[in-house]
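For reference, the chains in residue letters:
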Amino acid sequence: MENESKTVLMIDDDEKLCRLMKDYLAPHGFEVEAVHNGFDGLDKLKSGAFDVVILDVMLPGMDGFTVLKNIRQISNIPVVMLTALGDEADRIVGLEIGADDYLPKTFSTRELLARLRAVSRRSQINAVQNNSDEIYFHDLYINSATREITQNGNPLTLTALEFDLLFCLARSAGRVLDRDQILDAIAGRSYDVFDRSIDVHISSLRKKLGDDSKNPRYIRTIRSVGYMLVKEDEI
């Protein structure tokens, strides 16, 4: 539910910013717990129950990209990255590693709140809409209620956004989905960051599935249109 309280782990060495975020987000249903380096952040994530992570790229000791890689080894929790770096390449790196969203450190508090609500909603949307949906596709098993996915019986670790992306395609297997349809299904609204990086998320998903874009077993690119999940009789 949108009104349910969410717990946020903020990993950022800017203590003043962390305090500001605690004060701003609390009335909006987000309880923020802050740590100020990556090592403490990983320890806290392992020991506590959180709904979303706000992660700074520029951290002392262990940078945010390395922290994110470690997070993705243990969790598919939604991660919003903050960075003072303006280069698009840095945004793409974070998204490829497994970030669900990205904001420069010049963000407005209202925009951060909107992004937090969006990634929280995406991480639950399939379970809310179809509490017992199960999809068997090729050698994949996808369960939207438990957020479980296996390939040949072996569990796959996907980000929250990658899971929603695959589930969206699987529900429409054999049918082409354009980018707007995909964005509406997984993001709730067409944030520019998703529009610019949807191909990056597809690329990352393909790598985790062991798929070949030139001879796809799972995800086929329909040039200038979008993507579709390939039915077994269409391979």
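The structure displayed is predicted, hence computed values, not measured ones.

Trainee: What is the right way to read the overall build of the chain from this model?
Mentor: When you go through the chain residue by residue, the secondary structure sums to 8 helices and 12 strands. Buried residues in the chain amount to 51% of all 235 residues. Summed over all atoms, the accessible surface of the chain reaches about 11,200 Å², with 45% contributed by carbon and sulfur.

Trainee: Help me understand the packing of helix α2 (residues 38–47) against helix α3 (residues 64–74) in this model?
Mentor: If you want to describe how two helices pack, look at the angle between their axes and the distance between the axes. The contact between α2 and α3 brings their axes to 10 Å, and the two run at 15°. When the interaxial angle is binned, α2 and α3 end up roughly parallel. As for how α2 packs across α3, the hand of that crossing is right-handed. Residue-level contacts link G38, L42, L45 and K46 of α2 to V67, N70, I71 and I74 of α3. Here the residues of the contact of α2 with α3 sort into 5 nonpolar, 2 polar and 1 charged.

Trainee: Looking at this model, I keep getting lost on the packing of aromatic side chains. Mind explaining?
Mentor: Given two aromatic rings, their pairing is described by the distance between the two centres and the angle made by the two planes. Counted according to the given criterion, the structure contains 2 aromatic pairs. Measuring from centroid to centroid gives 6.4 Å for F163 and F167, while their planes differ by 10°, and the two rings are stacked. Of this pair, F163 and F167 both sit in helix α6 (residues 160–171), 4 residues apart, which is roughly one turn of that helix. For the residue pair F163 and F167, the accessibility class agrees, reading buried in each case.

Trainee: Please explain the sheet that holds strand β7 (residues 140–143) as it appears in this structure.
Mentor: In a beta sheet, neighbouring strands pair by backbone hydrogen bonds and run either parallel or antiparallel. In spatial order, the strands read β6-β7-β8-β9; together these 4 strands make up an open sheet with antiparallel pairing. Two strands lie at the open edges of the sheet, namely β6 (134–137) and β9 (154–155), each paired on one side alone. As paired strands, strand β8 (residues 148–151) and β9 are joined by 2 bridges and run antiparallel to one another. When the bridges of β9 are listed, T150 appears paired with P155. Along the sheet face, α6 touches β6, β7 and β8 and points at about 105° away from the line of β7.

Conventions we followed
Here the residue numbers are simple positions, counted from 1 along each chain's written sequence. The predicted nature of this model means local features are confined to residues of pLDDT at least 70 and side-chain atom pairs, given and counted, to a pLDDT of 80 or more, with totals for whole chains, interfaces and linings taken over all residues. As a rule here, side-chain values come from all non-hydrogen atoms in the structure, and water together with hydrogens is ignored. Put simply, DSSP marks the helices as runs of H or I at least four residues long and the strands as runs of E at least two long, and each gets a number from the N terminus on. For each residue, the accessible area found with a 1.4 Å probe, counting protein chains only, is set against the maximum for its type, and the residue is called buried under 20%, exposed over 50%, and partly exposed in between. Surface accessibility in these figures is a Shrake-Rupley result with a 1.4 Å probe; residues are shielded only by whichever protein chains are displayed. Interaxial angle, 0 to 180 degrees, is taken between N-to-C directions of lines fitted to C-alpha atoms, where a helix line uses only the stretch in contact. In these notes the angle categories are as follows: under 35 degrees is roughly parallel, over 145 is roughly antiparallel, 65 to 115 is roughly perpendicular, and the rest is oblique. Crossing chirality is assigned from the near helix's rotation relative to the far helix, an anticlockwise turn below a right angle marking it left-handed and a clockwise turn marking it right-handed. Throughout, a contact is declared for two residues whenever any of their heavy atoms are within 4.5 Å. Put simply, Ala, Val, Leu, Ile, Met, Phe, Trp, Tyr, Cys and Pro go in the nonpolar bin, Asp, Glu, Lys and Arg in the charged bin, and everything else, Gly too, in the polar bin. Centres within 6.5 Å are what make two rings of Phe, Tyr or Trp a pair, Trp counting through its six-membered ring; a difference in plane orientation under 30 degrees is then read as stacked, over 60 as edge-to-face, and the rest as tilted. Note on pairing: two strands pair once DSSP finds at least 2 bridges between them.

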